[in-house]
Amino acid sequence: MSAPPASHLATARSIVEASPRSRAAAGLVVVAYALVTVAPLLWIVATSFKSPSDAIAYPPKVLFQPTLEGWVNLFTVRTRQSPEFMATLPPPETWWDRLARSHDMVIAGPSKVAPRFVNSLVVGFGSTFLAVLLGTLAAYGFSRFRVPLADDLLFFILSTRMMPPIAVAIPIYLMYRELGLNDTYMGLILLYTAVNASLSVWLLKGFMDEIPREYEEAALVDGYTRLQAFRKVVLPQAITGIAATAIFCLVFSWNEYAFALLLTSGNAQTMPPFIPFIIGEGGQDWPAVAAATTLFLVPMAAFTVILRKHLLRGITFGAVRK
Amino acid sequence: MSVTSQERPSAALVRAAGAVPPGLARRVRGLSDRSLAWLFITPVMVLLLAINIFPLIWAVRLSFTNYKSNRPNAPLRWVGLDNYADILSDPDVWHSMQVTAHFVVWTIVLQMLLGFGLALLINRKFRGHGFWTTVILLPMMLSPAVVGNFWTFLFQPQIGLFNNAAAFLTGGDPSGFQMIGDVTLAPWTIVLVDTWMWTPYVMLICLAGLRSIPEDIYEAAEVDRASPLRQFWTITLPMVLPFLMLAVLFRGIENFKMFDMVNLLTSGGPGSVTELASITLKREAFEKWRTGYSSAFAVILFVTVFGAANIYVRALNAVKQR
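Residues numbered from 1 in each chain as written. Chains lettered and ligands numbered in written order. Predicted model: local features only at pLDDT ≥ 70, side-chain atom pairs only at ≥ 80, totals over all residues.

Novice: Explain the overall build of chain B to me, please; I cannot follow it from the model alone.
Specialist: Scanning chain B from terminus to terminus reveals 14 helices and zero strands. Overall, chain B shows an N-to-C arrangement of helices and strands of α-α-α-α-α-α-α-α-α-α-α-α-α-α. Considering chain B as a whole, with its 322 residues, one finds that 39% of them fall into the buried category. Put simply, 71% of the contacts in chain B that link residues at least 6 apart link residues at least 24 apart. (Helix = DSSP H or I, 4+ residues; strand = E, 2+ residues; numbered from the N terminus. Buried ≥ 20, exposed ≤ 12 C-beta atoms within 10 Å, placed from the backbone. Contact = placed C-beta atoms within 7 Å.)

Laid out in structure tokens, this is it:
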């Protein structure tokens, strides 16, 4: 926003330019809200470094002795052993072995977290790639050609997003059962691609509409074919938009829960339906759950910062651009 | 995001365009535009037809039968409109619609008030507003399911951060109340968490609305000695209204579909006081396996959200044109 013109400075202050005092007051309220809003997140991150007993201490501990127990518990399966048996074992080889043994536990092997995390990555990146690929093509088609009933088609594409996921999942579940796609990467990737397609077409159409047509027209005159012009002129110009769209698709796939819950059970299960089932001896192992949550949320926090400029566009399907 | 031709390498192409007879350009471009357009658009359409429309039609078909997907080989019987009649006369379904309405209305009211208020404050542009805005945006990007799961920890009666913070502020007892287990509090608990998560969404849209208002309107009002309150009612609010309405539309649709966060936070309980439509649908479809019945319910939900969205968009356009 531009500064007010110099002549204006002498006259009465409008609410456009707030007085320093009201500005400071506004800042104070916003900072207070921000701190309250971020406190639960910081609490979860802190909990992941607490010991199980500190995590459920009363009153809650703000200061505590940090430990990586929660993180070790997240990634391993452990068995409780008697001290006599422990004495017969060779000395621990790694720091995590040592940490587990200090609690009378022996690490039996890796937990399922790593494969679930990999599933989230595979499904997330797979569906993002497909959604952006299909979306880029369709967006270009809608942006540059006179498509019959274009507005109706675009609204149809958007309306696929209005269905409650559970309602979609009922027939999809039956269809996938027939096709053998339940609990497979392919099934989840196809579904997420379809859900993301609406976002990707709408966002990318907005980005492509902003690229002047003259560039391609000039390229066509120079003897490029339509496809060459698309590849060599339009795509490079749209690359920022494509990247932003890709991140939005990835965020959706990464965070999605309902479909993953109903359509996967093991092999292809992603993190969101898995995290609530991280349990330790006698109930939920809160530091381990907090560690999984932290691990899962940190990439999204990073994307919030990266996407800051395009966020508005992304969350409104391109309806609000600036 | 402005694109000026001087900055771009393709500017040479633009200039070259002037040197070529326009007829040639038109011929090259017009060669097979129609088929090319379909080439670009068809892939996404095929995917949406396969993953959205075909299953939808299947669901509509099933909604007229007594099909149960846990017994796929049982004889299929056509029951006509019986499922629809059963749903519309089922008090449990009406109860879940009431719960959904309570959730949708109160989340929208609170998020609009908070989001708009925050946007007004941030628009004062105090020092560091960019950083604090990003902090406030964080919850919105996170997985609703994972959020719902970790809030169960924060709402633990004695040890939870929320209960202790609330007890500290009110001077009560942190184990004196249960946000999740109490029938009067639980419906507000889901509203609270959703508001925590999605207020930034409304805030971001309102901020765009506020920034779209030209400053000279305020300057003119200032010349006319309009009080700040009057400026707010006659300039700010009407100008931001289309943006607010857009935010209501998106939040309304999303929360009508709400499943993931609430399923992990309260899973509809205690009793069924937080059982939203989607959770009822999931119980019917994937726990009781009443596929025909739940398909009918899914169709009703879809028609409701689709119809309401259509009417609303018309109202929105009317406001925009005013």
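Novice: How should I be thinking about the overall build of chain A in this particular structure?
Specialist: Counting its regular elements, chain A contains 16 helices and four strands. Here the C-alpha atoms of chain A give a radius of gyration of 26 Å, more than 25% beyond the 20 Å that 2.2 N^0.38 yields for 322 residues. Based on the C-alpha atoms only, the size of chain A along its principal axes is roughly 85 × 70 × 40 Å. In chain A, 75% of the contacts between residues at least 6 apart in sequence involve partners at least 24 apart. (Rg over C-alpha atoms; globule rule 2.2 N^0.38 Å.)

Novice: Just to check I follow, could you spell out the confidence of the model for chain B for this structure?
Specialist: Caution applies to low-pLDDT regions: their predicted coordinates should not be interpreted in detail. All names here are of chain B. Taken residue by residue, chain B gives an average pLDDT of 85. The fraction at 70 or more is 90%. Summarising per-element confidence for chain B, the mean pLDDT is lowest in helix α1 (residues 11–17) (38) and highest in helix α5 (residues 91–122) (95). Ignoring residues within four places in sequence, the model shows residues 1–31, a span with pLDDT below 50, making 31 contacts including any to other chains. For this predicted complex, the interface confidence score (ipTM) comes to 0.86, while the overall pTM stands at 0.86. (pLDDT = per-residue confidence, 0-100.)

Novice: Any chance you could explain the packing of helix α11 (residues 228–256) of chain B against helix α14 (residues 291–321) of chain B here in plain terms?
Specialist: Relative orientation and spacing of two packed helices are given, respectively, by the angle between their axes and the distance between those axes. All names here are of chain B. Between α11 and α14, whose axes approach to 10 Å, the crossing angle comes to 175°. Put simply, α11 runs roughly antiparallel to α14. Contacts between α11 and α14 involve L241, P242, M245, L246, L249, I253 and F256 on the former and, on the latter, V305, A309, Y312, L316, V319 and K320. Within the contact of α11 with α14, the residues separate by chemical class into 12 nonpolar, no polar and one charged. (Axes fitted to C-alpha atoms, helices over the stretch in contact; angles between N-to-C directions. Parallel < 35°, antiparallel > 145°, perpendicular 65-115°, else oblique. Nonpolar A, V, L, I, M, F, W, Y, C, P; charged D, E, K, R; others polar.)

Novice: I would appreciate a short explanation of the environment of I189 of chain A in the present structure.
Specialist: All names here are of chain A. Mapping I189 onto the fold places it in helix α10 (residues 185–209). With 23 C-beta atoms counted inside 10 Å, the residue I189 sits in the buried group. With 63 residues separating them in the primary sequence, I189 and G126 have C-alpha atoms 6.2 Å apart. For I189, the contacting residues outside a window of four places in its chain are V123, G126, S127 and L130.

Novice: Looking at this model, I keep getting lost on the interface of chain B and chain A. Mind explaining?
Specialist: Interface size is commonly expressed as the accessible surface area that is lost when the partners come together. Taken together, the contact between chain B and chain A spans 89 residues of the former and 94 residues of the latter. Tallied by class, residues from the side of chain B that touches chain A come to 65 nonpolar, 14 polar and 10 charged.

Novice: How do you make sense of unusual backbone geometry when you look at a structure like this?
Specialist: For residues that are not glycine, phi is negative in most cases, and the peptide bond is trans in most cases. Residue P59 of chain A is bonded to the preceding Y58 of chain A through a cis peptide linkage, with omega at -5°. Assignment of secondary structure puts P59 of chain A in the loop between α3 (52–55) and α4 (69–75). Positioned with a positive phi, K125 of chain B is a non-glycine residue whose angle comes to about 55°. Among the secondary structure elements, K125 of chain B is positioned in the loop between α5 and α6 (129–137). We classify K125 of chain B as partly exposed; it has 15 C-beta atoms within 10 Å. Even without being glycine, R225 of chain B reaches a positive phi, approximately 60°. Note that R225 of chain B resides in the loop between α10 (215–223) and α11.

Novice: How should the environment of A218 of chain A be read in this particular structure?
Specialist: Residue and element names in this part refer to chain A. The residue A218 is located in helix α11 (residues 213–221) in this model. Its 25 C-beta neighbours within 10 Å are what place A218 among the buried residues. Along the primary structure A218 and D104 are separated by 114 residues, whereas in three dimensions their C-alpha atoms are 74 Å apart.

Novice: Please clarify how the domain arrangement of chain B should be interpreted in this entry.
Specialist: Partitioning chain B into domains gives domain 1 (21–62) and domain 2 (83–321). Distance from the C-alpha centre of domain 1 of chain B to the C-alpha centre of domain 2 of chain B: 36 Å. (Domains from an automatic or database assignment.)

Novice: How should I be thinking about the packing of α10 of chain A against helix α12 (residues 226–255) of chain A in this particular structure?
Specialist: All names here are of chain A. Two elements in contact, α10 and α12, have axes whose closest approach is 9 Å; the angle formed by their N-to-C orientations is 145°. Where α10 crosses over α12, the handedness of that crossing is right-handed. Between α10 and α12, the residues in contact are Y192, V195, N196, L199, S200, L203, L204, F207 and M208 and V234, A238, G241, I242, T245, F248, C249, F252 and S253, respectively. Of the residues that constitute the contact of α10 with α12, the class distribution is 13 nonpolar, five polar and no charged. (Left-handed = near helix turned anticlockwise from the far one by under 90°.)

Novice: Teacher, can you tell me more about the confidence of the model for chain A here?
Specialist: Residues and elements named next belong to chain A. Confidence along chain A averages 86 in pLDDT terms, with 93% of residues attaining 70 or more. Across chain A, helix α7 (residues 113–144) holds the top mean pLDDT of 93, while helix α1 (residues 6–9) sits lowest at 43. Within the model, pLDDT remains below 50 along residues 1–15, and this stretch shows 10 contacts once partners closer than five positions in the same chain are excluded.

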